[in-house]
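A look at the structure
Each chain, written out:
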Amino acid sequence: MMTEKRSSNWILGISAFYHDSAACLLQAGRIIAAAQEERFTRKKHDPGFPRNAVQYCLREGKVSLSDLSYIVFYDKPLVKFERLLETYLAFAPRGITSFLAAMPVWLKEKLLLKDLLKKELVGLYEGFKKSELPPLLFTEHHESHAASAFYPSPFERAAVLCVDGVGEWATTSAWLGEGNRVTPLWEITFPHSLGLLYSAFTYFTGFKVNSGEYKVMGLAPYGRPKYVKTIFENLIELKSDGTFRLDMEFFNYCTGLTMTNGKFDSLFDGPLRKPESPLTQREMDLARSIQEVTEEVMLRLGRTLHRETNAENLCLAGGVALNCVANGRILREGPFKRIWIQPAAGDAGGALGAALAGWHLFENKPRKVCTSGDDMRGSYLGPSFSNEEIEQFLKEKNAPYVRLSDEELFARIADEMASEKVIGWLQGRMEFGTRALGRRSILGDARRPKMHEP
Ligand SMILES: [Fe+2]
């Protein structure tokens, strides 16, 4: 039997089991709460089932699992499995090692994902029965990204570009957002991926894939674009419309457990940098070069999409849309009047997109465009704590503290920062997405060279 609340359109979106697990709660299309699991477990990019994030979202909405109309998962595991199998067959017998390494996980967990999800959800609350669970729906990975980019944006009509590593098959996808629909236009599929190309350089420069990409972007201004030509001549065939193909001879991610191979090494002056070893000019030059290549691809894709859709606005999502330097160039040099980027552009935002796709695409509910700001409400969608709750916690832990008025606090913080102290700052609801936007931030004085040191 449907509860009273179940008919009032509560939808839970979930992304999990890859990286950046998250949950998001909607009521009648309005975002009530969204959070990443890593913020609760303190495991960066936590890929597990987002039990804390789900529990938080339901608490924030004051609803239970049985009140939900349905739960939407952010990708289609069976299609992903098909990609894994087909990739293996295309390269067989090369790749047997990574195939064998991946298979047990896939067979045990991912193929039975629906059962696993149900088990995890039922396990969230004592005494909760499987029969009380709402129906489960699945969206496609890039559909989730596209929905997360368009629906909360302040645009009635927009071109939508999603660029990431890979979901099921798509690695780059173009959409038209209009009214309450996002309509697919075209896509580029695995293994040809701008996100994976960038990650290959992240790996080669000694950083962690799916995590250290921002370090590569940060390193780029210190380098010279020395390898741009080498990249274009060997790794990526870029057409004038921005579509591309990678030469898989240089990469190992289809067949091995690494991103690059010996051919890649010889192209870029020797083996990869060992993680944590000193950075050299070569890494900075590599970073600058792949950054320039990425910007060029994004600019061309943007121009093509503009020509095809005649849209004034552009929405972006997918991990590559976290590359704010490339986004800045699209804004300054591209043909669009305005651009809007999903703050949780990576896979965490897939939870939000999946829920919104459930509401607008599956339910066909109309969309009311938010004209002041956007529907993400500054992306402040996570938990908050009152002063009383914080004080209670500190007392329980026997932690030393002082309570200051705002006036005293700001002066004190300014003094501490001026004397090269680092401040942990918490106020209001937590940000959803990778960026610290003043609610959970680490503050330091940017004028001091010491503050830049690792
Ligand atoms: Fe993605």
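Moving on, we come to the overall build of the protein chain. Within the protein chain, the regular secondary structure consists of 16 helices and 14 strands. Its C-alpha radius of gyration of 23 Å places the protein chain within 12% of the 22 Å reference for a compact globule of 454 residues. For the protein chain, the spread of C-alpha atoms along the three principal axes comes to 60 × 60 × 45 Å. Considering the protein chain as a whole, with its 454 residues, one finds that 53% of them fall into the buried category. Here the contacts in the protein chain between residues at least 6 apart in sequence split such that 69% fall between residues at least 24 apart. As presented, the protein chain carries roughly 21,600 Å² of accessible surface, and 55% of it is formed by carbon and sulfur atoms. Positive and negative charge centroids in the protein chain, built from 58 and 56 side chains respectively, lie 1 Å apart.

A few words on the packing of aromatic side chains. For the coordinates displayed, the defined rule picks out 15 aromatic pairs. An angle of 65° between the planes, with centres 5.8 Å apart, marks the rings of F73 and F138 as edge-to-face. With F73 in strand β4 (residues 70-73) and F138 in strand β5 (residues 136-138), this pair connects stretches of sequence that are 65 residues apart. Residue classification places F138 among the partly exposed positions, given a relative accessible area of 25%. An aromatic cluster is present here, built from F190, F201, F204, Y227, F251, Y253, F264 and F268 joined pairwise through their rings.

Once that is clear, we can look at the domain arrangement of the protein chain. By the assigned domains, the protein chain splits into domain 1 (6-141 + 351-375) and domain 2 (387-452). The gap between the C-alpha centroids of domain 1 and domain 2 is 33 Å. Across the contact, ten residues belong to domain 1 and six residues belong to domain 2. Around 640 Å² of area is buried between domain 1 and domain 2 when both sides are counted, 56% of it from carbon and sulfur atoms. Counting the surface domain 1 buries against domain 2, the share from its top three residues, A34, Q36 and R39, is 57%. In this structure, the connection of domain 1 to domain 2 is made through zero salt bridges. When residues of the side of domain 1 that touches domain 2 are traced back to their parent elements, those giving at least two are β3 (30-36) and α2 (51-61).

Right, let's get into the nonpolar core. In summary, soluble globular proteins display a tendency toward joint burial of nonpolar side chains. Within the largest apolar cluster, 68 residues are counted, with the highest numbers of intra-cluster contacts made by L12, I14, L25, L65, L121, L352 and F432. Tallying contributions element by element places helix α13 (residues 348-362) first for this core, with nine residues. Contact partners of I14, with chain neighbours within four places excluded, come to A22, F49, P50, V54, I71, V72, F73, Y74, L121 and A351. In this structure, F207, L238, F250 and M298 belong to the second largest nonpolar core, which totals 57 residues.

Here we have five strands laid out as an open sheet, ordered β8-β7-β6-β11-β12, and mixed in their pairing. In this open sheet, the two strands that pair with only one neighbour each are β8 (181-189) and β12 (338-341). Taking the axes of each pair of neighbouring strands and ignoring which way they run, one obtains an average angle of 20° across the sheet. Here four bridges tie strand β11 (residues 313-317) to β12, and the two strands are oriented parallel to one another.

Reference values for coordination geometry: four tetrahedral donors around a metal ideally subtend 109.5 degrees, six octahedral donors ideally subtend 90 or 180 degrees. Bound to the iron ion are the protein donor atoms H141 (NE2), H145 (NE2), D164 (OD) and D347 (OD), situated 2.2 to 2.3 Å from the metal. Classification of the site at the iron ion rests on its four donor atoms, whose angles at the metal span 88 to 174°, yielding the label irregular. If you list the donors of the iron ion from N- to C-terminus, the spacing comes out as H-x3-H-x18-D-x182-D. Taken as a pair, H141 in helix α6 (residues 141-150) and D164 in the loop between β6 (157-163) and β7 (170-178) lie far apart in primary sequence, 23 residues in all. By the burial criterion, H141 is buried, and D164 matches it.

The rules behind these values
Residues numbered from 1 in each chain as written. Predicted model: local features only at pLDDT ≥ 70, side-chain atom pairs only at ≥ 80, totals over all residues. Heavy atoms only, no water. Helix = DSSP H or I, 4+ residues; strand = E, 2+ residues; numbered from the N terminus. Rg over C-alpha atoms; globule rule 2.2 N^0.38 Å. Buried < 20%, exposed > 50% of the residue type's maximum accessible area, 1.4 Å probe, protein only. Contact = heavy atoms within 4.5 Å. Areas by Shrake-Rupley, 256 points an atom, 1.4 Å probe, with all protein chains shown as cover. Lys, Arg positive; Asp, Glu negative; His and termini not counted. Charge placed at Lys NZ, Arg CZ, Asp CG, Glu CD. Phe/Tyr/Trp six-rings, centres within 6.5 Å; stacked < 30°, edge-to-face > 60°. Domains from an automatic or database assignment. Buried area = accessible area lost by both parts, 1.4 Å probe. Salt bridge = Lys/Arg side-chain N within 4 Å of Asp/Glu carboxyl O. Core = buried A, V, L, I, M, F, W, Y, C linked by side-chain atoms within 4.5 Å. Pairing = 2+ DSSP bridges. Axes fitted to C-alpha atoms, helices over the stretch in contact; angles between N-to-C directions. Donors = N, O, S within 2.8 Å, 3.2 Å for Na, K, Ca; no water. Tetrahedral: all angles 85-135°; square planar, octahedral: opposite > 155°, others 65-115°.

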